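Summary of structural features
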Amino acid sequence: MQRGLPMQPTVVLLKEGTDTSQGRGQLLSNISACLAIAEILSSTLGPRGMDKLIVSDRGEAQITNDGATILKLLDIVHPAARTLVDIARAQDAEVGDGTTSVVLFAAQLLKEVRGYIEEGVSPQIIMKGFRKASELALDRIKTIQVTIDKSDPEKFHSLLLKCASTAMSSKLIHSEKPFFSKMVVDAVECLDQEDLDESLIGVKKIAGGGMQDSLLIHGVSFKKTFTYAGAEQQPKSFRDPLIVSLNKDNAEVRVDAVSDYQAIVDAEWELSTASGGAREDWRKVILSKLPIGDLATQWFADRDIFCAGRVAAADLQRVVQAVGGSIQSTCSDIRREHLGTCGRFEERQIGGERYNVFEECPKRRRARSCARGAEQFIEEVERSLHDAIMVVRRAVKNGDVVAGGGAVEMDLSAYIRKHALSIPGKQQFILTAFAKALEIIPRQICDNAGLDSTDILNKLRMKHANGEKWIGVDVDGADGVRNNMDAFVWEPSLVKINAISSAAEAACLILSVDETVRGPQSEAPSAGPRAPPGTAARALRGRGRGMPRR
């Protein structure tokens with residue numbers, strides 16, 4: 001008689017209440033979550049894209065159409081959908097533009113292959129096809145990209161203006177594109193053209209006024225600090241001043257009588273009078289991290305010297321980096337090499353505030369853009385300027401551009417679809433799906449502009465099949481299509497290269513996940529760190545219980 005098989009013991013690996021989801025259903029669920037994210041962002045793409053009004057739990061409202069900003073404000077918690085958030089942030093940090101495009105393209109890739117997943121095609125085959133198609137797309141971009149000629153400065157400046165204008169086409173400030181494009185290009189040209197450190201371009205938000213009241217400062221500036229009455233008698237403008245930067249240690253004097261205090265004040269005045277004669281003719285601007293007293297302020301005013309106390313350490317450091325010299329910890333033995341200088345110093349009224357402005361700084365080339373406008377829009381103005389600055393910076397650094405408005409996507413789609421016909425097996429379907437997913441960019445631009453996307457895409461396919469590689473969407477013309485390279489709708493090729501490679505890798509990452517394990521505590525609100533032993537007893541001690549007898 002055959003003995004029965006012994007019962008296998010149950011092995012418990014996970015905590016009770018742990019949620020495990022796996023298999024094809026989990027993969028399809030992740031794809032649906034990514035499509036929901038793309039649905040939110042789709043209406044913001046292109047020059048006729050809509051804006052989103054996002055209200056936080058504290059009632060703070062923000063209006064924006066920047067993809068990375070929207071995803072950050074939405075606070076998405078789905079683990080697979082957060083992959084799209086990460087690639088949008090990476091795109092924003094790397095090139096500054098194309099954040100919406102990269103999310104839409106990644107989601108469309110997943111949408112095109114969802115049917116193959118349902119039919120049982122292995123995700124590994126799809127991932128292999130995506131990586132192959134991505135390599136073809138990147139090689140094609142490097143083949144057709146146009147290199148900007150930098151030999152003619154005026155022509156190069158004009159081309160940068162067009163790149164900046166294209167980056168602002170879908171932003172809230174698109175109505176002021178010529179004004180802000182010039183500001184952005186001038187700011188980038190202020191930098192050292194070798195390293196192009198964008199952190200040296202600061203954007204200061206000053207509420208009030210109109211967007212046309214924004215200005216660019218070729219140097220550094222900081223908000224006017226608190227001063228005593230004598231500061232109003234000081235001169236507010238200098239040409240080629242010498243600048244002293246102080247960061248003295250704080251000191252404290254304690255007195256017991258009024259007469260002692262008066263003696264200290266008299267001694268301070270005599271010391272100031274005795275120490276100022278030799279160098280008062282070349283100390284024109286004095287900056288100090290610590291406060292400058294009323295007597296010293298009046299003394300400087302009598303000698304036509306400008307002084308500012310309580311300057312923030314970061315502002316003081318930025319000024320020293322721009323004007324030269326070094327921060328001094330004592331007022332004695334200050335020599336010429338310790339001093340900085342600039343072409344022009346001025347205390348300027350901007351909006352309702354006054355700012356100390358240092359221009360034509362010799363040591364480090366900096367720029368500060370002062371963005372003006374209504375309080376509701378000024379945050380979006382700052383984001384738009386940042387994106388345009390990054391695009392122009394990339395155009396200067398790399399010098400390669402392609403046509404925007406869906407032109408390069410349609411060319412890549414036609415190229416990959418043609419290449420797919422030469423490949424046997426399932427890979428042909430995957431490459432065709434990749435080529436079809438690229439069409440989401442021109443299609444969405446048409447939908448957001450109120451055009452017939454089916455008709456426009458048929459025209460684009462016909463033009464690109466005939467070898468017209470720069471034909472893209474025209475949201476203003478009657479025909480709906482045009483040569484966007486001739487129309488100066490340009491984008492740095494690095495924007496497209498980064499977007500396509502990031503979207504393909506994100507899609508492969510999501511397709512490679514077939515199981516999600518969620519712990520039982522992951523959905524519960526965090527209770528914070530555990531209190532140390534004895535905390536409750538110490539908290540109750542003294543609450544009506546009296547002190548213990550000794």
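Quantities reported herein were computed from a predicted structural model and do not represent experimental measurements.

With that settled, the discussion passes to the overall build of the protein. Counting secondary structure elements, the protein contains 17 helices and 21 strands. Put simply, the protein has 550 residues, and 46% of those count as buried. Long-range pairs, those at least 24 residues apart, make up 75% of the contacts in the protein between residues at least 6 apart in sequence. As presented, the protein carries roughly 28,600 Å² of accessible surface, and 50% of it is formed by carbon and sulfur atoms.

Looking at the element boundaries, serine 221 is found in strand β7 (residues 219-223). Its relative accessible area of 4% is what places serine 221 among the buried residues.

A few words now on the environment of isoleucine 148. Within the secondary structure, isoleucine 148 is located in the loop between β4 (146-147) and α6 (153-167). Residues isoleucine 148 and valine 396, spaced 248 residues apart in sequence, show a C-alpha to C-alpha distance of 8.8 Å.

Another point: the sheet that holds strand β17 (residues 400-403). Read from one edge to the other, the open sheet built from three strands follows the order β4-β17-β20, with strand pairing classed as antiparallel. Edge positions in the sheet fall to β4 and β20 (490-492), since each has one partner strand and no second. Summarising the sheet, β17 and β20 pair through three bridges and their orientation is antiparallel. For valine 401, the partnering residue across the bridge sits in β20 and is proline 492. Each of β17 and β20 touches helix α16 (residues 493-511); the most contacted strand, β20, lies at about 65° to it.

Attention now moves to the environment of tryptophan 490. Mapped onto the secondary structure, tryptophan 490 falls in strand β20. Not counting the four nearest positions on each side in its chain, tryptophan 490 is found in contact with Leu159, Cys163, Thr166, Val401, Val402, Asn484 and Met485. A polar contact of 2.9 Å, which involves the side chain of tryptophan 490, links it to the backbone oxygen of methionine 485.

Attention now goes to the pairing of β17. Residues Asp400 and Val402 line one face of β17 and the alternating positions Val401 and Ala403 line the opposite face, and both faces are buried. Examined bridge by bridge, β4 and β17 share two bridges and lie antiparallel to one another. Within the sheet, the bridge partner assigned to valine 146 lies in β17 and is valine 401.

Across the interface, helix α3 (residues 82-94) lies against helix α11 (residues 378-398) with an axial gap of 9 Å and an inter-helix angle of 60°. Taken as axis vectors, α3 and α11 run oblique relative to one another. Residue-level inspection shows Asp92, Ala93 and Glu94 of α3 in contact with α11, the latter providing His386, Asp387, Met390 and Arg394.

One pass over the structure, following the stated rule, counts ten aromatic pairs. A ring pair is formed by phenylalanine 345 and phenylalanine 358, whose centres lie 4.9 Å apart and whose planes are at 50°; its orientation type is tilted. With phenylalanine 345 in strand β14 (residues 344-350) and phenylalanine 358 in strand β15 (residues 353-359), the pair connects residues that are 13 residues apart, well separated along the chain. Note on phenylalanine 345: relative accessible area 0%, which makes it buried.

Below, the discussion takes up the layout of surface pockets. Leftover empty space is mapped by rolling, across the atoms, a probe with the size of a water molecule. Reported here for the second largest pocket is a volume of approximately 800 Å³. Contributing to the lining of the second largest pocket are 46 residues, with Gly46, Pro47, Thr166, Ser169 and Gly405 lying nearest its centre. Sorting the residues of the lining of the second largest pocket by element identifies α4 (99-118), α6, α14 (440-449) and α16 as the ones contributing at least two each. Split into classes, the residues belonging to the lining of the second largest pocket amount to 16 nonpolar, 17 polar and 13 charged.

Moving on: the packing of helix α1 (residues 24-41) against helix α2 (residues 67-74). Their axes nearest at 11 Å, the elements α1 and α2 cross at an angle of 120°. What the angle tells us is that α1 and α2 run oblique. The hand of the α1/α2 crossing is right-handed. Contact with α1, carried on its side by Ile37, Ile40 and Leu41, involves Gly67, Ile70, Leu71 and Leu74 of α2 and no other residues of that element.

About the thresholds
- Residues numbered from 1 in each chain as written.
- Predicted model: local features only at pLDDT ≥ 70, side-chain atom pairs only at ≥ 80, totals over all residues.
- Heavy atoms only, no water.
- Helix = DSSP H or I, 4+ residues; strand = E, 2+ residues; numbered from the N terminus.
- Buried < 20%, exposed > 50% of the residue type's maximum accessible area, 1.4 Å probe, protein only.
- Contact = heavy atoms within 4.5 Å.
- Areas by Shrake-Rupley, 256 points an atom, 1.4 Å probe, with all protein chains shown as cover.
- Pairing = 2+ DSSP bridges.
- Axes fitted to C-alpha atoms, helices over the stretch in contact; angles between N-to-C directions.
- Polar contact = N/O pair within 3.5 Å; in protein donor to acceptor, adjacent residues only side chain to side chain.
- Parallel < 35°, antiparallel > 145°, perpendicular 65-115°, else oblique.
- Phe/Tyr/Trp six-rings, centres within 6.5 Å; stacked < 30°, edge-to-face > 60°.
- 1 Å grid on protein atoms, 1.4 Å probe; cavity = no way out; pocket = protein on both sides within 12 Å on 5 of 7 lines; lining within 4 Å.
- Points joined across faces, edges and corners; volume = space filled by probe spheres on them.
- Nonpolar A, V, L, I, M, F, W, Y, C, P; charged D, E, K, R; others polar.
- Left-handed = near helix turned anticlockwise from the far one by under 90°.

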